[in-house]
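# Overview (structure and organization)
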Amino acid sequence: MEWLPTLIIAVVCAVVFGVAGFVIGELHRKKTAESLIGSANEEATRIVNQAVNEAETKKREAVLEAKDEIHRLRSETERDLRDRRNEVQRQEKRLIQKEESLDKKVDALEKKEETLDAKIKQADIQLSEAESIKRSQCEMLEKIAGYTKEQAKIDLLNSLEETLKREKAVKIMEYEQEIRDESESLAREIITMAIQRCAADHSSEVTVSTVLLPNDEMKGRIIGREGRNIRAIETITGVDLIIDDTPEAITISCFDPVRREIARLTLEKLISDGRIHPALIEKIHEKAKREVDQAIKQAGERAVIDAGVNGIHHELVKLIGRLKYRTSYGQNILNHSLEVSYIAGLMAAELGVDVKLARRAGLLHDIGKAVDRQQEGSHIELGVEYAKKYRENEIVLNAIEAHHGDVEPKSIIACLVQAADAISAARPGARRENLENYIKRLKTLEEISESFKGVDKAYAIQAGREVRIIVNPEAVSDDEMAIVARDIVQKIEQELEYPGQIKVNLIRETRATDFAK
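Computed from a prediction, not measured in an experiment: that's the story for all the values here.

Let us now look at helix α6 (residues 228–237). Taken as a whole, α6 has its buried residues at N229, I230, A232, I233 and T237. Axial view of α6: buried residues confined to an arc of 160°, hence all on one face. Here the buried face of α6 lies against α5 (217–223), β2 (240–242), α7 (257–273) and α8 (278–307). Downstream of α6 by one or two residues, G238 has phi in the positive range, about 75°.

For the rest of this paragraph, the subject is the confidence of the model for the protein chain. The predicted model of the protein chain averages 79 in pLDDT, with 88% of residues at 70 or higher. Of the regions scoring below 50 in pLDDT, residues 186–205 engages in 32 contacts with residues more than four places distant in sequence or in other chains.

Let us look at the side chain of S411. Within the secondary structure layout, S411 lies in the loop between α13 (394–402) and α14 (412–426). Residue class for S411 comes out buried when judged on its relative accessible area of 17%.

Inspection of the sheet shows strand β6 (residues 455–461) paired to strand β7 (residues 466–471) by six bridges, in the antiparallel sense. Residue pairing in the sheet places A458 in a bridge with I469 of β7. Pairing of β7 with strand β8 (residues 503–508), which is carried by six bridges, proceeds in the parallel orientation. Residue pairing for β8: I470 is matched across the bridge by I507.

Further remarks concern the environment of K318. Along the chain, K318 turns up in helix α9 (residues 314–322). Judged by its relative accessible area of 37%, K318 is partly exposed. On a C-alpha basis, the gap between K318 and Q294 in space is 9.3 Å, while along the polypeptide they are 24 residues apart.

Quick look at the nonpolar core now. Nonpolar side chains in soluble globular proteins tend to end up buried together. Ranked by internal contacts, the top residues of the largest apolar core, which has 41 residues, are V304, I312, L316, L319, I320 and L363. If you list the elements that add at least two residues to this core, you get α8, α9, α10 (333–351), α11 (355–364), α12 (379–389), α13 and α14. Looking at which element gives the most residues to this core, the answer is α10, with seven residues.

Here we come to empty space enclosed by the protein. The final tally for this structure, using the stated rule, is one cavity of 30 Å³ or more. Here the largest cavity is characterised by a volume of approximately 70 Å³. Along the walls of the largest cavity sit D256, P257, V258, R322, R326, K369, A370, D372, R373 and Q374, which together make up its complete lining. Taken together, the residues of the lining of the largest cavity sort by class into three nonpolar, one polar and six charged.

What follows deals with the environment of D306. Examined against the element boundaries, D306 turns out to sit in helix α8. The exposure class of D306 is partly exposed, given its relative accessible area of 35%. Between the C-alpha atom of D306 and that of Y342, which follows or precedes it by 36 residues, the distance is 9.4 Å. Ignoring any residue separated from it by four or fewer positions in sequence, one finds D306 in contact with L338, Y342 and R359.

Basis of the calculations
Residues numbered from 1 in each chain as written. Predicted model: local features only at pLDDT ≥ 70, side-chain atom pairs only at ≥ 80, totals over all residues. Heavy atoms only, no water. Buried < 20%, exposed > 50% of the residue type's maximum accessible area, 1.4 Å probe, protein only. Helix = DSSP H or I, 4+ residues; strand = E, 2+ residues; numbered from the N terminus. Arc of directions from axis to C-beta. Contact = heavy atoms within 4.5 Å. pLDDT = per-residue confidence, 0-100. Pairing = 2+ DSSP bridges. Core = buried A, V, L, I, M, F, W, Y, C linked by side-chain atoms within 4.5 Å. 1 Å grid on protein atoms, 1.4 Å probe; cavity = no way out; pocket = protein on both sides within 12 Å on 5 of 7 lines; lining within 4 Å. Points joined across faces, edges and corners; volume = space filled by probe spheres on them. Nonpolar A, V, L, I, M, F, W, Y, C, P; charged D, E, K, R; others polar.

The structure is reproduced here in structure tokens:
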């Protein structure tokens, strides 16, 4: 156990040395910290002093800059005030100068007004003197001439009126000739299309067809689900179907008569079949189209046989057949063409002219109406074009071209066709006009013509297409006839409704009678 005290002493020494080391370390750290704190305080003091110095420096600089800016602004303000003061002084000088100028002008105007008043007074005096001299001269002239002022004025106006009438008549004739020369193409169009005019009720009658139905239930089947069937029919046939409250009937509307006929046959076949759907509609439409084409061909061939002509090109025969479905003022064009052919042939036989050629020209004179609704141009132009295309006779071409008076007839055949066309189209009952209205129109036409001064008698001829007026040669001079004709035409156009055009023909004749004894 001898080592125990030594161990204890060693432990005690170790403890003592550990405590002493700890204390010494703490003292060393304390001194180090105190020295660091002292350095930091000194650094902080230095930084604060430096910041204060810099702030004082910037403050002094800012104050100096502010003083400089204030000085600059003050200088600019004083300069602006000085400029404005100078500008105000200049404006004041200008105003003063303008006031002085206005005062001078006012003074000058006052002087001019005084001068003008003096001149006006002098002019009034001179005017009154001139009036008195004029009155005295007029009185002297009336005494010398033996005419009063009113009588002289009346004579002068009458003389001037006569002169103006003659000059006006001459001018009207010159203008009419000028217009006639310059508007030949326009006149051709007007003349050829005038006969095509038609009243609204007539148009509605000849542009619709009616299809009878077995019952009203069929209307719903024709319309189809959501309008499918009726849209298909209208699209395929190119017509309008009018389904209204009319019992057991449907109206087909279309300006093309052939298309309307095809649509009518298509609808009738669909109703007869009972099955209505888009595929069947197209199939039946093609069948109806072939049937109508065949009917057109047969109608053309029958018309050629009835007219007694031969050698007509088969394409022209088809066009003649299409006239079966063409109307004008309710008159069927195929029947009209056959009638013109018959009348022209009869007149040709009486005159000893080629009857077959006259019938041929009469049958073909309106051939252009078969295609005038599908192609541009009048029916005359189209007729001549097709006749030339299929090598028709020159006499026939001229008859087609001249049957409305657009060109001069070059043969008797053309004159006969023109006359036959007028007879067939204008006779009472040929077109959609009853006899009572026809007679009333002729009487009204004569009454309008006879209502003018200087007209002795008026006669409506050629079924109202011409009125011949006999004038009194003592009341109407040759120069005044153009004026009277123009006045009559204007009154007819204002008060009368008529198809085509009316020719006003004035006749003035002076007769001298004596006897040999």
